[in-house]
Amino acid sequence: MALGRTLAVSPLGMSGHLVEVEAHLAASVPGFTLVGLPDTALAESRDRVRAAITSSGLGWPQRRITVNLSPASLPKAGSGFDLAIAVAMLAGAGVVDASRTAGVVHLGELALDGRLRPVRGVLPAVSAAVAAGRPRVVVPEANAAEALLVPGADVVAAQTLAEVAFRHGADIPRPERTAAPPPGPPPERPPVPDLADVLGQHEARAALEVAAAGGHHLLMVGPPGAGKTMLAARMPGLLPDLSDDDAVEVTAVHSVAGTFDPAGGLLRRPPFEDPHHTATAAAIIGGGSGVPRPGAASRAHRGVLFMDEAPEFSPGVLQTLRQPLEHGELVIQRAGGAARYPARFQLVLAANPCPCGKAVGKGLGCVCPPVVRRRYWSRLSGPLLDRVDLQVEVHAVSRVQIGGTEAGEATDAVAARVRSARARQAERLAGTPWRTNAEVPGHWLRASLGADRSLMADLDRALDRGALSLRGVDRVLRVAWTLADLAGRPTPRRSDIGQGLLLRTRGQVSA
Ligand SMILES: Nc1ncnc2c1ncn2[C@@H]1O[C@H](COP(=O)(O)OP(=O)(O)O)[C@@H](O)[C@H]1O
Ligand SMILES: [Mg+2]
Ligand SMILES: [Zn+2]
């Protein structure tokens, strides 16, 4: 009996496990069995591998073929095992040199004509291979740029199965390569719009700056046309570049999601995701057959998840956000195990004040029955709003005001203040599990205010009046720390707490 071996990677969430692919070829009644493969995409692999080998002119071995993927206990999904299965078989049949294939990782889906198709999740798969001490990887050409982003990887790019076989010593004419398209300039990532475009809106701009500086979640409530969507889209521009580790992690999420274009290199800017309010829970948290795709909440990892018209999202979707808001990750349960994707995003919510949109100020123009208004707001349940430190009203800027208002401060200037505020937090929070004020729990905030009880006086009064809940007090304190960081003060002072109270003008919604 002849034996061929090679390696592949089974992706699971953000990690991957090396899988050994073994092909046994016995001189018996011809047949082809794949052992222990629950996923249907993988079962279809059998047909693709057979067609690809035949059409590549490599000859289908007339043997009893058994392909085994081990360890058997690992869940295996997706079409990325095609190439490894074909290579193991060719090694077992003696078509390629078995000693050359054994320690090499092969990733890629096969088209029926033998071409190699790119697969999702190459970045985490190659990282896993390198981490397991198997840096040599063969990938479809379309995935090569992405695989090359992994430090230490020894990447071979191939266009076809025949090309891979030739490299591994198959006795066939050198396959012709289709000329690669000339490398163009890296793709233009859509430019992030600038804050200079926003006229007036001093309070809303301040709220946006504080949110960016302290990592706070933000709710903006205002009538249609007030500029909520416009402001939210400018949030990522205020956030600092991703650290190296974060850049790799964010890029890996987008690699698995299939939303990453490697030509521009690692993703260095915080992502911005704005799912529509009709989105399903799966679209937000992730799912799908085979290798589960990360949803919008994970694609927004280390960036901004913007939910426009937030109360219009289905209650189920809003409920599912509690898990990532609490734990910073999403766990998608699968028959074969749980896929974990990070999901530590900044939540920006926009909402009309009521379904008709007119309940602003005294709300005189609003035609919504009170019960309708209550139901509208009850969707953004307490547990969700409890985590939103900044809750502000945004008022429409009148045309007269726009006419007389000069351009607002530009993104660059605001982003510079945000950067130094973040640096102060990093210094103060060094050695804690938290990076930004938004993550710091209330007791720690209160303790670090020190003995100056006078600072708490205003908050105590608001608490006594019933204008603030205890959680509300913590939210104001977190914001006050961020205001102090923005102003370059070592601790908040009374005015920061006053300003913190003002930055929750929608307090009545959730207090
Ligand atoms: N403060 C502002 N400065 C400049 N343009 C504004 C401002 N507010 C609103 N606009 C204009 O009105 C449009 C609608 O704003 P939008 O952000 O969609 O409002 P909302 O999301 O609150 O309904 C914007 O595209 C922009 O052209
Ligand atoms: Mg809008
Ligand atoms: Zn109304």
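Residues numbered from 1 in each chain as written. Chains lettered and ligands numbered in written order. Predicted model: local features only at pLDDT ≥ 70, side-chain atom pairs only at ≥ 80, totals over all residues. Heavy atoms only, no water.

In the annotation of an unreviewed UniProt entry, the entry for the protein reads AAA+ ATPase domain-containing protein, and the organism field reads Cellulomonas aerilata. Looking at the protein in UniProt, the text filed under Sequence similarities (unreviewed entry) is "Belongs to the Mg-chelatase subunits D/I family. ComM subfamily." (UniProt positions renumbered as here; feature names shortened; annotations may be inferred.)

A look at the coordination of the zinc ion (ligand 3)
Donor atoms from the polypeptide that coordinate the zinc ion (ligand 3) comprise C354 (SG), C356 (SG), C366 (SG) and C368 (SG), at 2.1 to 2.4 Å from the metal. Angles of 104 to 113° at the metal separate the four donor atoms of the zinc ion (ligand 3), which places the site in the tetrahedral class. Taken in sequence order, the residues that donate to the zinc ion (ligand 3) follow the motif C-x1-C-x9-C-x1-C. Of this pair, C354 sits in the loop between strand 17 (346–351) and helix 14 (370–378) while C366 sits in the loop between strand 17 and helix 14, and the two are 12 residues apart along the sequence. Residues C354 and C366 agree in their burial class; the two are buried. (Donors = N, O, S within 2.8 Å, 3.2 Å for Na, K, Ca; no water. Tetrahedral: all angles 85-135°; square planar, octahedral: opposite > 155°, others 65-115°. Helix = DSSP H or I, 4+ residues; strand = E, 2+ residues; numbered from the N terminus. Buried < 20%, exposed > 50% of the residue type's maximum accessible area, 1.4 Å probe, protein only.)

Focus on the sheet that holds strand 10 (residues 218–221)
Hydrogen bonds between backbone atoms are what pair the strands of a sheet, whose relative direction is either parallel or antiparallel. Strand order across the open sheet formed by five strands is 11-14-17-10-18, with parallel pairing between neighbours. Lying at the two open borders of the sheet, with one neighbouring strand each, are strand 11 (272–273) and strand 18 (390–393). In this structure, strand 10 lies alongside strand 17, joined through four bridges in parallel fashion. By the bridge assignment, L218 is partnered in strand 17 with V348. (Pairing = 2+ DSSP bridges.)

Considerations on the packing of aromatic side chains
Applying the stated criterion across every chain, the model contains four aromatic pairs. Measuring from ring centre to ring centre gives 5.8 Å for Y376 and W377, while their planes differ by 90°; the resulting arrangement is edge-to-face. For the pair shown, Y376 and W377 are each scored as buried. With a centroid separation of 5.5 Å and 70° between ring planes, the pair formed by W434 and W444 is classed as edge-to-face. A residue pair is termed long-range when its members are at least 10 positions apart, and W434 in the loop between helix 17 (411–428) and helix 18 (442–448) and W444 in helix 18 qualify at 10 residues. (Phe/Tyr/Trp six-rings, centres within 6.5 Å; stacked < 30°, edge-to-face > 60°.)

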